[in-house]
There are 2 protein chains.
Amino acid sequence: MAKVKLGKKLPPMALPVVLVGSNCKGKANFCTIAWMTIVDDEPPMIGLLMGKKRRTKDGMVENGTFSVNIPDTSMVVETDYCGITSGGKKDKSRVFDVFYGELGSAPLISEAPVAVECKLKDIIAFEGTDLVIGDVNEVYVERKCVEKGKCHMGKIDPLLYAMGGGPYYSIGTKVADAFSVGKRFKPK
Amino acid sequence: MAKVKLGKKLPPMALPVVLVGSNCKGKANFCTIAWMTIVDDEPPMIGLLMGKKRRTKDGMVENGTFSVNIPDTSMVVETDYCGITSGGKKDKSRVFDVFYGELGSAPLISEAPVAVECKLKDIIAFEGTDLVIGDVNEVYVERKCVEKGKCHMGKIDPLLYAMGGGPYYSIGTKVADAFSVGKRFKPK
């Protein structure tokens, strides 16, 4: 076995990067998150791991709504800026062009190829973090990223974060079809 | 705004693919998961969203341990196979070469560039899924993926899953340094 032990650490993984938005006292605020997951598909729910004190989380609680925006690689400067800059110190309301959907208070990012409007469903407190769960209310996708009714990941061009301090990566090429290529498996 | 509304659906995202392993009645079993996240870094914890009935979850509870393995693109057939095949119907114990770490009962995958040994910490039940939380006990990384003490994501060559039925993608190229490129941001 040619493996190195790293110890009790987080593993090196490539995680999706999202910009989470909420309105804080009437102004849009955004934070950058890579610790996120899907919680369920029916109904569709998204989970975000957030630090205990986050201005964006205050806004989520204030309005009961938030947004999850998927930046593309051209947005890497703004995305990283929202990660390294506290909303308590800098006004991030004008970093992006914002639009609102049906819920009226979740600031969606026009420049993002995918913008998801969510209703706050629950906050589960862990020792050092909170799991924020949102019900998806609407998904907005840039028209050029949709082909024959299906979203094209290469055109979305999402950002990935390499755990352990970066860097950010783009997505590569198609490897194989899912729920399909495994049929070729032959036991040893 | 040139955006299309998709409705109350899961958004198109590129998610990391992992093979989760546990011993079920003495035999290693593996399932493929893309709904996963980091829960905290200190102590390091991983969260997995799993369906209510999963053989691998039974094994986690049986032993109090499990593994999270990051397959590379060369493992796409086996990875997809473990996702489309029920451990109740097929014996998946010989799909991979397995090794064990300090905990003794979490089956780690030799072929995977990254294999994480976990202790089961908690299972939080949602309506349609369970959030399984594990404490990281040890991280094993293939020696060729470590350069000057830092893991190289390009060499790990992880698989990503495009939400909405696939396909699988590889990781692309470096876009920018994290916690750094955002300093170049200039307000509009």
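Residues numbered from 1 in each chain as written. Chains lettered and ligands numbered in written order. Predicted model: local features only at pLDDT ≥ 70, side-chain atom pairs only at ≥ 80, totals over all residues. Heavy atoms only, no water.

**Examining the pairing of strand 15 (residues 168-176) of chain B**
Rules: Note: two strands are recorded as paired if DSSP finds a minimum of 2 bridges between them. Helix and strand definitions here come from DSSP, where helices need a minimum of 4 consecutive H or I residues and strands a minimum of 2 consecutive E residues; each element is numbered from the N-terminal end.
Bridge count for strand 15 (residues 168-176) of chain A against strand 15 of chain B is five bridges, and the pairing is antiparallel. Its bridge partner being in strand 15 of chain B, Ala176(A) is matched across the sheet by Tyr168(B). Direction of pairing for strand 14 (residues 160-162) of chain B relative to strand 15 of chain B: antiparallel, over a ladder of two bridges. Looking across to strand 15 of chain B, one finds that Tyr161(B) is bridged to Tyr168(B). Where strand 14 of chain B hands over to strand 15 of chain B, the hairpin turn is made up of five residues, of which Gly164(B) adopts a positive phi near 105°.

**Looking at the relation of the copies chain A and chain B**
The line we're drawing: To line up the copies, we fit them by least squares on C-alpha atoms, keeping just the residues with pLDDT of at least 70 in both. Contacts between residues were defined by any pair of non-hydrogen atoms, one from each residue, lying within 4.5 Å.
When chain A is fitted to chain B, the best match, at an RMSD of 0.0 Å, comes from turning it 180° and sliding it 0.0 Å along the axis. The superposition of one copy onto the other is thereby described by a two-fold rotation axis. Residues of chain A ranked by C-alpha distance from the rotation axis are headed by Gly172(A), positioned 1.8 Å from it. The fraction of interface residues of chain A whose copies in chain B are also interface residues reaches 100%, indicating that both copies meet through the same surface.

**Here's the deal with the nonpolar core**
Soluble globular proteins: nonpolar side chains tend toward being buried together. Definition in use: Here, nonpolar core means buried Ala, Val, Leu, Ile, Met, Phe, Trp, Tyr and Cys residues that are tied together by side-chain atoms lying within 4.5 Å of each other. We call a residue buried when its accessible area falls under 20% of the maximum for its residue type, exposed when it is over 50%, and partly exposed in between, using a 1.4 Å probe and counting protein chains only.
If you look at the biggest cluster of nonpolar residues, it comprises 122 residues, and the most contacted ones within it are Leu48(A) and Leu48(B). When neighbours within four sequence positions are excluded, Leu48(A) is seen to be in contact with Val18(A), Val20(A), Ile33(A), Trp35(A), Met36(A), Met60(A), Phe66(A), Val68(A), Asp130(A), Leu131(A) and Val132(A).

**Considering the interface of chain A and chain B**
By a widely used convention, the size of an interface equals the accessible area lost when the partners come together. Note the following rule: The quantity reported as buried area is the accessible area (1.4 Å probe) lost by two parts once they are put together, taken as the sum for both. Any Lys or Arg side-chain nitrogen found within 4 Å of a carboxyl oxygen on Asp or Glu counts as a salt bridge. Identification of polar contacts relies on pairs of N or O atoms within 3.5 Å, with a donor-acceptor requirement for protein atoms, meaning one able to donate a hydrogen and the other able to accept it, and with residues adjacent in sequence counted only if both atoms are side-chain atoms. Note on residue categories: nonpolar means Ala, Val, Leu, Ile, Met, Phe, Trp, Tyr, Cys or Pro, charged means Asp, Glu, Lys or Arg, and polar means any other residue, Gly included.
The interface is formed by 97 residues belonging to chain A together with 97 residues belonging to chain B. Overall, the association of chain A and chain B removes approximately 8500 Å² of surface from exposure, summing both partners, and the carbon and sulfur fraction of that is 69%. The three residues of chain A that bury the most area against chain B are Lys3(A), Ile38(A) and Phe185(A), which together make up 9% of that side's buried surface. There are two salt bridges connecting chain A and chain B. A salt bridge links Glu142(B) to Lys3(A), with the nearest nitrogen and oxygen atoms 2.6 Å apart. Joining chain A to chain B, the criterion identifies 44 residue pairs in polar contact (both at pLDDT 80 or more). With 10 residues, the single largest contributor to the side of chain A that touches chain B is strand 11 (residues 129-142) of chain A. Taken together, the residues of the side of chain A that touches chain B sort by class into 60 nonpolar, 17 polar and 20 charged.

**Here we look at the confidence of the model for chain A**
Under the convention used in this document: Values of pLDDT, ranging from 0 to 100, describe the predictor's confidence in every residue of the model.
In the predicted model, chain A carries a mean pLDDT of 96, and 99% of its residues have values of at least 70. Scored as a complex, the prediction yields pTM 0.97 and ipTM 0.96.

**Quick look at the sheet that holds strand 15 of chain B**
What counts, and what does not: Only C-alpha atoms enter the line fits that serve as axes; for helices the fit covers just the stretch in contact. Angles between N-to-C directions range over 0 to 180 degrees.
Strand order across the open sheet formed by six strands is 2(A)-14(A)-15(A)-15(B)-14(B)-2(B), with antiparallel pairing between neighbours. Of all strands in the sheet, those with a lone pairing partner are strand 2 (14-16) of chain A together with strand 2 (14-16) of chain B, marking the two edges. For this sheet, the mean angle separating the axes of adjacent strands, direction not counted, is 45°.

**Here's the deal with the state of the cysteines**
What we call a disulfide is simply a covalent bond connecting the sulfur atoms of a pair of cysteines. Residue and element names in this part refer to chain B. Spelled out, the test is: Here, the term disulfide refers to a pair of cysteine sulfur atoms separated by no more than 2.5 Å.
Under the criterion given, the structure shown has zero disulfides over all chains. With no disulfide of its own, Cys24 has Cys31 as its nearest cysteine by sulfur position, at a separation of 9.2 Å. Under the relative-accessibility criterion, Cys24 is labelled buried at 7%. Cys31 forms no disulfide, and the closest cysteine sulfur to it belongs to Cys82, at a distance of 8.4 Å.

**What to know about the packing of aromatic side chains**
Put simply, the rule is: Between 30 and 60 degrees the pair is tilted, below 30 it is stacked and above 60 it is edge-to-face, where a pair is any two Phe, Tyr or Trp rings, Trp via its six-membered ring, whose centres lie within 6.5 Å.
Enumeration according to the criterion identifies 10 aromatic pairs over all chains in this entry. Judged by centre distance (6.1 Å) and plane angle (55°), the rings of Tyr161(A) and Tyr168(A) are tilted. With a centroid separation of 6.0 Å and 90° between ring planes, the pair formed by Phe179(A) and Tyr161(B) is classed as edge-to-face. Of this pair, Phe179(A) sits in the segment after strand 15 while Tyr161(B) sits in strand 14, each in a different chain. A relative accessible area of 48% means that Phe179(A) is categorised as partly exposed. Residue classification places Tyr161(B) among the buried positions, given a relative accessible area of 11%. Here the aromatic cluster, defined as three or more aromatic residues joined through ring pairs, consists of Tyr161(A), Tyr168(A) and Phe179(B).

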